[in-house]
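# Chain and residue survey
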Amino acid sequence: MFNKIIKRGNRKVSKSDANESALYGISGNRNSALVSTSNVVVNHASRAAPSSSLGNSQQQPGVAATTIIVPPSGTIETLPSFRDVPVSDRQSLFLRKLHICCFQFDFSDTLKSVREKEIKRQTLVELVDFVQSGSGKIIETVQEEMIKMISINVFRCLPPASHENTGAENTDPEEEEPYLEPSWPHLQLVYELLLRYVVSSDTDTKIAKRYIDHSFVLKLLDLFDTEDPREREYVKTILHRIYGKFMVHRPFIRKAINNIFYRFIYETERHSGIGELLEVLGSIINGFALPMKEEHKLFLVRALIPLHKPKPIVVYHQQLAYCITQFVEKDYKLADTVIRGLLKYWPVTNCQKEVLFLGELEDVLEATQSAEFQRCMVPLFRQIARCLNSSHFQVAERALFFWNNEHIVSLIAQNRNVILPIIFGALEKNIENHWNQAVHGLTVNVRRMFLEMDVELFDECQRQYAENEAKAQEREEQRELTWKRLADVAAQGGGGGVGGEDMVTA
């Protein structure tokens, strides 16, 4: 609760544009809840924002400038519905309704501007219905004004995340209570209007791309960092539709998402919308043509695989694993690259991440062909052997589940001469020492499976294991004997004999 109060108190609004105020006929003083802007930057309030001057006042570094203007009393009035005016007047009425929707209100006070808020909400509903129904094609000038209105409402300075308020570094993102945007009753309708405009068959991309340009897309991508999951869901859907409809923007969108990932991986490890961005990418990857471009392969190696490194991977791992698997299903030759990438970022002390990695690894192996499997099977099964011996029963159990997958078992059977010697010791140690009964039972089943595959190989591995254990026992006994001799010499006070022949060991 304290964090929420802090957020509301620290919430900054976006930089205003005086030209927009003049365009929409807005005038008044600076003590109300109206903010008008078209040239805004979406960012967290606690991060640096462009500086500007407000009269002769000094602006603090990192705080966005705001101009708050109140509409003159009585200027926001309910306009007639589209059904009540002639078809020839609907474009001008649409424009007037857009002007009303450029007013923004303070939602932290539910008793403030109640009538005006309801007028704006109802006006937004009418605009959405008009675009969705296809009652008339919107002319270009009105389209421009509509995008400006949408920009004024959605492109704003996001409130600081809870970890930015408290200074905590190691909090679990799943445990943090998300900040819900108080202006959502209006914001949702603005997003719905943008979505209906983008998907409408009446929208001409040649005209629309003049207003939904690279700057617009970048600001939209910044909104993925909002803590409100409802808003992220809308932004995800809209970005996906823009990618599908505006082919000219596709390379730019991929590059911009790439840059967001780089900053997340190598700088902040904090971003609210990585999962939603990966959902969009999952659909994009599914549409890649073959043979796959080198650009896409580099994206896999430089961005997607390193996304396994950050601590909050549990939040977005499901979407990440889907994207990774899509790459391997598209081009099976990438399996070796992906598996070695997973091994590179394999967790050492985080058992929860290890279970996630094993699940993803099984999905990748499901799409792996024999030739690619052979390239990476030695380091792969060395890691699996370590997982088999994990004292955390879920890790060991998840690794043993690989032998329930028919495709993986067939790959193992084809290469059993290499794989069984690597993991035989781990299987025997589990049977001898593992504390968990379920792991013990699964290990017995896997051991029996190898015995049925190749009796001679199994016997040879068992003989080799017995020899290695005997040698290890012998070395241990020799070590103990050496320490005993050293203790005896020390007890006799014959320190000078430490370097003598008695202490020389084979």
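One can find the structure itself at the top, above this paragraph.
Residues numbered from 1 in each chain as written. Predicted model: local features only at pLDDT ≥ 70, side-chain atom pairs only at ≥ 80, totals over all residues. Heavy atoms only, no water.

### Here we look at the packing of helix 9 (residues 214-222) against helix 11 (residues 250-268)
Contact geometry of helix 9 with helix 11 gives a least axis separation of 11 Å together with a crossing angle of 35°. In this structure, helix 9 meets helix 11 at a crossing whose hand is right-handed. Contacts between helix 9 and helix 11 involve H214, V217, L218 and L221 from the former and F252, I253, A256, I257 and I260 from the latter. Here the contact of helix 9 with helix 11 is composed, by residue class, of 8 nonpolar, 1 polar and no charged. (Axes fitted to C-alpha atoms, helices over the stretch in contact; angles between N-to-C directions. Helix = DSSP H or I, 4+ residues; strand = E, 2+ residues; numbered from the N terminus. Left-handed = near helix turned anticlockwise from the far one by under 90°. Contact = heavy atoms within 4.5 Å. Nonpolar A, V, L, I, M, F, W, Y, C, P; charged D, E, K, R; others polar.)

### Details of the packing of helix 18 (residues 393-400) against helix 21 (residues 437-453)
Helix 21 packs onto helix 18 with a crossing angle of 25° between their chain directions and a minimal axis gap of 10 Å. Of the possible angle classes, the one that applies to helix 18 and helix 21 is roughly parallel. The way helix 18 lies across helix 21 gives a crossing that is left-handed. For the pair helix 18 and helix 21, contact is made by F393, A396, E397 and L400 and by A438, V439, L442, T443 and V446, respectively. Its residues assigned to classes, the contact of helix 18 with helix 21 shows 7 nonpolar, 1 polar and 1 charged. (Parallel < 35°, antiparallel > 145°, perpendicular 65-115°, else oblique.)

### Quick look at the packing of aromatic side chains
Inspection of every chain in the model, using the stated rule, returns 17 aromatic pairs. Between the aromatic rings of F264 and Y316, the centroid separation amounts to 5.8 Å while the plane-to-plane angle is 75°, which identifies the pairing as edge-to-face. Here F264 is found in helix 11, whereas its partner Y316 is found in helix 14 (residues 313-330), with 52 residues between them in sequence. Residue classification places F264 among the buried residues on the basis of a relative accessible area of 2%. Note on Y316: relative accessible area 3%, which makes it buried. Taking the centre distance of 5.9 Å and the plane angle of 65° together, the rings of F424 and Y465 count as edge-to-face. Taken together, the residues span a long stretch of sequence, with F424 in helix 20 (residues 416-433) and Y465 in helix 22 (residues 455-492) at a distance of 41 residues. Here the two residues F424 and Y465 agree in accessibility, since each one is buried. Among the aromatic residues, those joined into a cluster by ring pairs are F82, F94 and F130. The ring of F82 is capped by K97, whose NZ or CZ atom sits 5.4 Å from the centre of that ring. Lying across the ring of F107, K117 places its NZ or CZ 4.6 Å from the centre. (Phe/Tyr/Trp six-rings, centres within 6.5 Å; stacked < 30°, edge-to-face > 60°. Buried < 20%, exposed > 50% of the residue type's maximum accessible area, 1.4 Å probe, protein only. Lys NZ or Arg CZ within 6 Å of the ring centre and 35° of its normal.)

Honestly, that's just the spatial picture; any functional story needs more than this.
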